[in-house]
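Structural features, examined
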Amino acid sequence: MARYIGRRLIQLIPILFGVSLITFLLVRLIPGDPAISMLGSRATPDLVARIHRQFGLNLPIWEQYLHYMNGVFHANFGISIFYEQAVWPLVVSRVPLTLELLAYSAVMALAIAIPLASLAAVRRGGVVDHGIRLSATTALGIPSFWLGILLILLLGVRVRIFPVAGEGSGVIGRIYYLTLPALTAGLAIAPILLRTLRSSLIEVLRAEYVSTARAVGLPRRTVFRSYILRNSIMPCLTVLNVNIGWLIGTVIVVEDIFALPGLGSLLVSSISTRDYSIIQLATLLFALLVIATNLGTDILYGVIDPRISLARRPA
Amino acid sequence: MIQSQHSRCRRAPVILASLFVVVAMVLAACSSSGSPSTSSAPAAGTPVHGGTLVFARHADIFTFDPYNTQDDESIFTEMQIYDRLVALSPDGKSVVPELATSWSAAPNGLTADFHLRPGVKFSDGTPLTVSDVVFSLTRAINQQGSWGFLFSPVKRVVALNSSTVQFQMSTAFAPLLAALATFAASIYSESNFKKWGSKEGNHPLGTGPFALQSWAPGTSVVLVRNKYYWQPGKPYLNKVEFTNVSNDNSRVLQLESGTADIIDNTAPNQIAQVKARGDQTESVLGSAVGWVTLNEHIPPLNQANVRLALAYALDRATIAKTVYFGLAEPALSVIPNGTFYYNPNTDPITFNMAKAKALLAKSTVPHGFTLNVMIASGDTASLDQTEIWAADLAKIGIKLNVTSLEQTTAQQRYNTAQYTAWVSEWTNDTPDPDEMMGVGLVYLPQDALHTYFNDPQIAALVTQARQELNTTQRAALYTQIQTLYNTQDPYIYTVDIPRLYASAPTVHGFMPNSQGDYELQNVWIGG
């Protein structure tokens, strides 16, 4: 296990290296640079040249990359051109909120998907099943930016149950404040999980060991929890893992609607201002997050399904 | 009523001296627009002290250092923390005393003396000295900075004695007073600046109504009452919290739910909804005007008749009414309608299809042509406006080919003159017309804002007006420029665009001026 994790961590290095190179080139390929974004129509060639010199943007691109990588190896991710501050504290301070929101959204999605999928699978072909499947397909078509506004309007303005903005403090406060955002993001991904889980549940329901368990006379509840659900949850986690990138995308939108100062909203505003150093670090952290989630899911497989032995699996 | 309460604070012991001051007077010639209009209930009752105001804004700030400031939110925040020698009057039509109580200029205009208000203290209790003023303004006039151009003929700022500063100029410079009212001429503490060194941008110390308590980048800026503020009894609020809410709908919902007391950048189509819920709206016209900028290097835009035909075919009244829900006003000059020396009676270009057709007939493309128009993506107002324009242009054979590009990309294309026509807006930083005309109507330093407009007569008049200290004569020059402009038209002016705010009914006295100064020292919360 430890060796496996170690190997996976070593694999991280070339991936992060690649991500950093691609991001570095990509932000510089977008037309319009920080000086233009900063000065707008006041961008005289003199002023633009001065800002370029100040932030080393006048150097050849390979030289800029060397400077950047040299900084990275010294834990220096550069200076934000707009904030004129080191980007590391600026960006890292945004990470916890986004992580919490992501985790809460995933929990919310599972909390919606598992009971509904179970119900639909057990009542397969019935009205309930069709109703749930139809709702899931509809929910899949609702854009988060619209759903979020609707939830604020209903539960924040009309009936004032939840706060419309802010991040809350303390564990309880944080959970309370993040409920609507997490529900918005969770609802975006729940239909996908629901559909996967429903079909794998149906498959397991037909399995012989389930029939055996029932024949032996185990209580229905025990059969469902220990035999059916546990065996069906694996594909669901795989789908959640595969869609983590999409969930991150949704969370970025949600942060904007709920005015949450997370990593996503910082990335969006930095892309429009072309604050290169922030974009680079934020993208790198998001990439790291996706990789970490993948690794985490792989480890979780082993916990949920002891048949999967990580150490022996070809990496 | 808000206005009268507002002006009380600035009346002070005023001796409006000398030529500079009369700048204000000439504005009698100006139109009545440019002053903020508001649907607020009058600030009834006596102001109440205390309370926290939550102000949700669409963007974060970046710095508190005026020298490095580029964005509106930083500018507007600095306006609350720092004072300047002079300020724009509440109606936006004149310049009134702030940290200077009076001023005078030498007859040749090469020097101007400002006398400082006695007894002013910074928000930490230390006294404001003449050296703070000289230090701040010496940084402001530095031509290396991006705002140095506002003060370009000023060679140096010196202290004549402990209460007088003198500006020394290479030529007479009429726009000085207006430039000194901008955020770029903010006065801050020299010792505090030197103490923080390069981190000064995060640790402002000024004499304004509020002082910085905390700033969490991307989240909020919290200001607290400056207890040493020189205006007696003000500010009323204990605290102001600026929050960062980039989503337009979310800001309105925050106002409706009571999370925010004031919101900025309200979308025009939401104003009716906000009013219907009993909230107040503040529409501030005067500092921004919509433009379609034309690149004269692309034929047939090099012909004045073609540019004018395009301009006469623009139905400004319909755009103001449908695109801006009646909150904008049809533009009648190339400068925003709150600009000093704005003159709407200079034979302005208005919607007239017959004239457009006749003008086009006199050009080399009498039956029309295809015009490429660039718009920033997501700018629905510009897009809607362009559709209205395209429908009318089609009647005279001109076809519009519209391209939407991301904001900074579009800006880059424009700055490098890789565009044909660009739908944008001009925003004044100073109420003096010299800012716009000095870059937009003269060829240097930016190819007349990348239009390549080159009219020696207009350029000469702009230079002459800059150096003309007699306000009557200066007004005559600007009238002449605006009249000539309407026969050339490098920028098609569209509508005067308002800044739109909305506030809860409990907010009293909120009346931002056309420069964007929120004037929060006059705001109080109650009932």
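Our subject in this report is the structure included herewith. (Residues numbered from 1 in each chain as written. Chains lettered and ligands numbered in written order. Predicted model: local features only at pLDDT ≥ 70, side-chain atom pairs only at ≥ 80, totals over all residues.)

**Regarding the overall build of chain B**
Helices and strands together make up the secondary structure of chain B, namely 17 helices and 22 strands. For 527 residues, the compact-globule estimate of 2.2 N^0.38 gives 24 Å, and the C-alpha radius of gyration of chain B, at 23 Å, lies within 12% of that figure. For chain B, the spread of C-alpha atoms along the principal axes amounts to about 70 × 60 × 40 Å. When the 527 residues of chain B are sorted by exposure, 55% land in the buried category. Of the contacts formed within chain B by residues at least 6 apart in sequence, a portion of 73% connects residues at least 24 apart. (Helix = DSSP H or I, 4+ residues; strand = E, 2+ residues; numbered from the N terminus. Rg over C-alpha atoms; globule rule 2.2 N^0.38 Å. Buried ≥ 20, exposed ≤ 12 C-beta atoms within 10 Å, placed from the backbone. Contact = placed C-beta atoms within 7 Å.)

**A look at the overall build of chain A**
Assigned secondary structure in chain A consists of 14 helices and zero strands. When the helices and strands of chain A are listed from N to C terminus, the series reads α-α-α-α-α-α-α-α-α-α-α-α-α-α. If you line up chain A on its principal axes, its C-alpha atoms span 85 × 55 × 35 Å. Put simply, chain A has 315 residues, and 37% of those count as buried.

**Looking at the sheet that holds strand E14 (residues 288-294) of chain B**
Residues and elements named next belong to chain B. Across the sheet, which stays open at both edges, the six strands sit in the order E15-E19-E14-E18-E16-E17 with mixed pairing between neighbours. Whereas interior strands pair on both sides, the edge strands pair on one side only; in this sheet they are strand E15 (329-330) and strand E17 (399-405). As judged from the four bridges shared by E14 and strand E19 (residues 491-496), these two strands associate in the antiparallel manner. Within E19, the position partnered with Val-292 by the bridge is Ile-492. (Pairing = 2+ DSSP bridges.)

**So, the pairing of E17(B)**
Residues and elements named next belong to chain B. The pairing of strand E16 (residues 370-376) with E17 spans seven bridges and is parallel. Bridge assignment links Met-374 to a residue of E17, and that residue is Thr-403. Once you follow E16 into helix H12 (residues 380-394) and on to E17, the crossover reads as right-handed. (Right-handed = clockwise from strand over helix to strand, strands pointing away.)

**So, the pairing of strand E7 (residues 154-161) of chain B**
Residue and element names in this part refer to chain B. Looking at chain direction, E7 and strand E8 (residues 164-169) are connected through six bridges and run antiparallel. Pairing of Arg-156 across the sheet is with Gln-168, part of E8. Connecting E7 to the next strand, E8, in antiparallel fashion are two residues.

**Some words on the nonpolar core**
Proteins that are soluble and globular tend to have nonpolar side chains buried together. Counting residues in each nonpolar core, the largest one holds 233 residues, and the members touching the most others are A:Ala113, A:Leu193 and B:Ala309. It is helix H9 (residues 170-205) of chain A that provides the largest number of residues to this core, a total of 15 residues. Excluding residues within four positions of it along the chain, B:Ala309 makes contact with B:Ala356, B:Leu359, B:Leu360, B:Ser363 and B:Ile396. (Core = buried A, V, L, I, M, F, W, Y, C linked by C-beta atoms within 7 Å.)

**A word on the interface of chain B and chain A**
Counting from both sides, the interface comprises 30 residues of chain B and, opposite them, 36 residues of chain A. Mapped onto the side of chain B that touches chain A, the elements with two or more residues apiece are strand E11 (239-244), helix H7 (248-257) and helix H13 (407-415) of chain B. Broken down by class, the residue content of the side of chain B that touches chain A amounts to six nonpolar, 23 polar and one charged. (Nonpolar A, V, L, I, M, F, W, Y, C, P; charged D, E, K, R; others polar.)

**Concerning the packing of helix H10 (residues 316-323) of chain B against H12(B)**
Residue and element names in this part refer to chain B. For the pair H10 and H12, the least separation of the axes is 10 Å and the interaxial angle reads 140°. Overall, the two elements H10 and H12 adopt an arrangement that is oblique. Here H10 runs over H12; the crossing is right-handed. Note on element contacts: H12 touches H10 through Ala-381, Asp-384, Gln-385 and Ile-388, opposite Thr-318, Ile-319 and Val-323. Split into classes, the residues belonging to the contact of H10 with H12 amount to four nonpolar, two polar and one charged. (Axes fitted to C-alpha atoms, helices over the stretch in contact; angles between N-to-C directions. Parallel < 35°, antiparallel > 145°, perpendicular 65-115°, else oblique. Left-handed = near helix turned anticlockwise from the far one by under 90°.)

**Quick notes on the environment of B:Val442**
Tracing the backbone shows B:Val442 in the loop between helix H14 (433-440) and helix H15 (447-450). C-alpha of B:Val442 to C-alpha of B:Asn337: the two residues are 105 residues apart in sequence and 21 Å apart in space.

**Digging into the sheet that holds E8(B)**
Residue and element names in this part refer to chain B. Spatially, E5-E6-E8-E7 is the arrangement adopted by the four strands of the open sheet, whose pairing is antiparallel. Each edge of the open sheet carries a strand with a single partner, namely strand E5 (100-105) and E7. Averaged over neighbouring strand pairs, the angle between their axes works out to 20° when direction is ignored. Sheet strands in contact with helix H4 (residues 130-140) are strand E6 (111-116), E7 and E8, and its direction is about 180° off that of E7.

**Re H12(B)**
Along an α-helix, residues three or four apart share an orientation, since each turn contains 3.6 residues. With 15 residues, H12(B) should reach 21 Å at 1.5 Å per residue; the first-to-last C-alpha distance of 21 Å fits that figure. As for H12(B), its buried residues are in contact with H10, E16, E17, strand E18 (421-427) and E19 of chain B. (Expected span 1.5 Å × (residues − 1).)

**A closer look at the packing of helix H9 (residues 304-312) of chain B against helix H11 (residues 353-361) of chain B**
Residues and elements named next belong to chain B. At a minimum axis distance of 8 Å, the contact between H9 and H11 shows a crossing angle of 165°. Overall, the two elements H9 and H11 adopt an arrangement that is roughly antiparallel. Considering only the axes of H9 and H11, their crossing is left-handed. Judged by residue contacts, Asn-305, Val-306, Leu-308, Ala-309 and Tyr-312 of H9 engage Lys-355, Ala-356, Leu-359 and Leu-360 from H11.

**As for the environment of B:Asp91**
Residue and element names in this part refer to chain B. Mapped onto the elements of the fold, Asp-91 is located in the loop between strand E3 (86-88) and strand E4 (95-97). The class of Asp-91 is partly exposed, set by 18 C-beta atoms lying within 10 Å. For the pair Asp-91 and Thr-471, spaced 380 residues apart in the sequence, the C-alpha separation amounts to 19 Å.

**Some thoughts on the environment of A:Val239**
Residue and element names in this part refer to chain A. Note on placement: Val-239 falls in helix H11 (residues 220-242). A residue is classified by how many C-beta atoms lie within 10 Å of it, and Val-239, with 18 of them, is partly exposed. Sequence separation between Val-239 and Ile-189 is 50 residues, and the spatial gap between their C-alpha atoms is 9.8 Å. If sequence neighbours within four positions are ignored, Val-239 has contacts with Ile-192, Leu-193 and Thr-196.

**Notes on unusual backbone geometry**
Trans is the common state for peptide bonds, and a negative phi is the common state for residues other than glycine. Residue and element names in this part refer to chain B. In this structure, the amide linkage connecting Lys-234 to the following residue, Pro-235, adopts the cis form with an omega of -5°. The phi torsion at Tyr-341 lies on the positive side, around 65°, for a residue other than glycine. Take Tyr-341: it is sitting in the loop between E15 and H11. For Tyr-341, a count of 26 C-beta atoms within 10 Å corresponds to the buried category. Located in the positive-phi region is Tyr-452, a residue other than glycine, with phi close to 65°. Structurally, Tyr-452 can be placed in the loop between H15 and helix H16 (456-467).

As far as function goes, none of this settles anything; it's purely spatial.
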